[in-house]
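# Working through the structure, step by step
Residue-level listing of the chains:
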Amino acid sequence: MFAQYLTRGVKAGLVAGLVFGLFMAVVANPLVAYADELNHATVEESGHSHEAESAHSHGSEGTHSHESEGTHSHESGDSHAGEGGGHHDTAVSMAVTKAVSVAAGGLWGVVLGGAFFGVAFFFLEPAIPGPDAAKSYLMGLAGFITVSGAPWLVLPPAAPGAEQSLSVATRLPLYAGMMLAGALACLSAGYAYTRLRESSGLPAAIVGAVVPFSLLAALAVVAPENAIHGALSPTLETGLTGLFAFGQVLLWLVLAAAHAWFRLSSESESESAIPTAGRDSAPAAD
């Protein structure tokens, strides 16, 4: 029985992971690379400006002009010589990057599918509220809150190359702590909904399920603030944040839908096999 749950979770994770990997390779990676180049270019530009000011104060104008002409002529020759190979290397590098993104997405989906829809779903399925058709989607929602939603309340996605006020040594345990808080909030919400639905009705059950998430938001208020500083415009930063959020929602939605489909197919096969087994075991008529 456990092997069936784990197999379904891994299969659903593979499907979702490949979809997520394709999304990263085709849509997200080009924008992330552009943002990374923009941040690094701004840092390098500020450093070069500082060096140019220092060189200008110590060097003469004639010497600077002579060196610039020599350097420009030499660089022009090198750039023409390597232009053809540069385009080929770039195309190969992009193809490799896309392939790695798809493979990494598939692996990440398998890990999430096996952990949440294999192991966790095996133990929590009887306690998940709602009809059988909705349990996969509720599990997907709980997974999104645990892995991404709750930690993002404290550590929202940051653009590549941006500077963050909190150190990595602080951010990692903080992220892990918010993941644990998100998981506890989901478990508490499910427990409160089930108990209150039986004793007090649907409205009270909904209110009771919302309370743990309110406490989760309150926990995020008292957490240390992580200020992010970058060279990107507010519009581009908002677009990147929305892109990251959409990618995670897409991952968990496809994961839940694939798991629900595999689960329904498995149950249909089991139901169709029961009458056949019954006919085979029935005694022959005289």
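None of the values given here were measured: they were computed from a predicted structure.

## A look at the overall build of the protein
The helix and strand tally for the protein stands at six helices and two strands. From first element to last, N terminus to C terminus, the protein shows the α and β order α-α-α-β-α-α-β-α. When the 286 residues of the protein are sorted by exposure, 29% land in the buried category. Partitioning the intrachain contacts of the protein with sequence separation of at least 6 by distance along the chain shows that 83% fall at a separation of at least 24.

## Describing the environment of S148
Secondary-structure assignment places S148 in helix α3 (residues 132-152). Here S148 falls in the buried class, since its relative accessible area comes to 2%. Ignoring anything within four residues of it in the chain, the contact list for S148 reads G143, Y175 and Q248.

## As for the side chain of S136
Topologically, S136 is positioned in helix α3. Setting aside its immediate chain neighbours within four residues, S136 contacts F117, F121, A256, H259, A260 and R263.

## Here we look at the pattern of salt bridges
If you walk through the whole model with that rule in mind, you get two salt bridges. Its salt-bridge partner being E125, residue R263 comes within 2.4 Å of it at the nearest N-O pair. Linking R263 in helix α6 (residues 234-281) with E125 in the loop between α2 (61-124) and α3, this pair joins segments that are 138 residues apart in sequence. For E125, a relative accessible area of 13% puts it in the buried group. Across the pair D132 and K135 runs a salt bridge, and its minimum N-O distance is 3.8 Å. You can see D132 and its partner K135 sitting in helix α3, three residues apart, about one turn around the helix. Using a relative accessible area of 44% as the deciding quantity, one classes D132 as partly exposed.

## A short note on the layout of surface pockets
Remark: the empty space left among the atoms is shown by a probe the size of a water molecule rolled over them. In this structure, the largest pocket spans a volume of roughly 660 Å³. If you trace the largest pocket, you find 23 residues lining it, with L138, A142, C186, L187 and G190 closest to the centre. Where the lining of the largest pocket is concerned, the elements lending two or more residues are α2, α3, α4 (168-199) and α5 (202-222). Ranked by residue count, the leading element in the lining of the largest pocket is α4, at eight residues. Across the lining of the largest pocket, the residue classes tally to 19 nonpolar, four polar and no charged. By volume, the second largest pocket is sized at about 480 Å³. Lining the second largest pocket are 19 residues, with W152, P157, A158, Y175 and F244 positioned closest to its centre. Secondary structure elements with two or more residues in the lining of the second largest pocket: α1 (2-58), α3, α4 and α6. Across the lining of the second largest pocket, the residue classes tally to 14 nonpolar, four polar and one charged.

Rules behind the numbers
As a convention, each chain's residues are numbered from 1 in the sequence order in which they are written. It should be noted that, the model being predicted, local features are given only for residues of pLDDT at least 70 and side-chain atom pairs only at 80 or more, the latter also being counted only at that level, while totals for whole chains, interfaces and linings use all residues. Side-chain metrics in this entry use all non-hydrogen atoms of the structure; hydrogen atoms and water are not considered. Per the convention used, a helix needs a DSSP run of H or I reaching at least four residues, while a strand needs a run of E reaching at least two, with both numbered from the N terminus. Remark: exposure states derive from per-residue accessible area (1.4 Å probe, protein chains only) relative to the maximum for the residue type, with buried under 20%, exposed over 50%, and partly exposed in between. Two residues qualify as a contact provided that any one of their heavy atoms is within 4.5 Å of a heavy atom in the partner residue. Any Lys or Arg side-chain nitrogen located within 4 Å of an Asp or Glu carboxyl oxygen qualifies as a salt bridge. Detection works on a 1 Å grid of protein atoms alone, calling trapped sets that fit a 1.4 Å probe cavities and calling open sets with protein on both sides within 12 Å along at least five of seven lines pockets, with lining residues defined by an atom within 4 Å of a point. Grid points are joined across faces, edges and corners, and a volume is the space filled by probe spheres set on the points. Amino acids outside the nonpolar list (Ala, Val, Leu, Ile, Met, Phe, Trp, Tyr, Cys, Pro) and the charged list (Asp, Glu, Lys, Arg) are all regarded as polar, and Gly is one of them.

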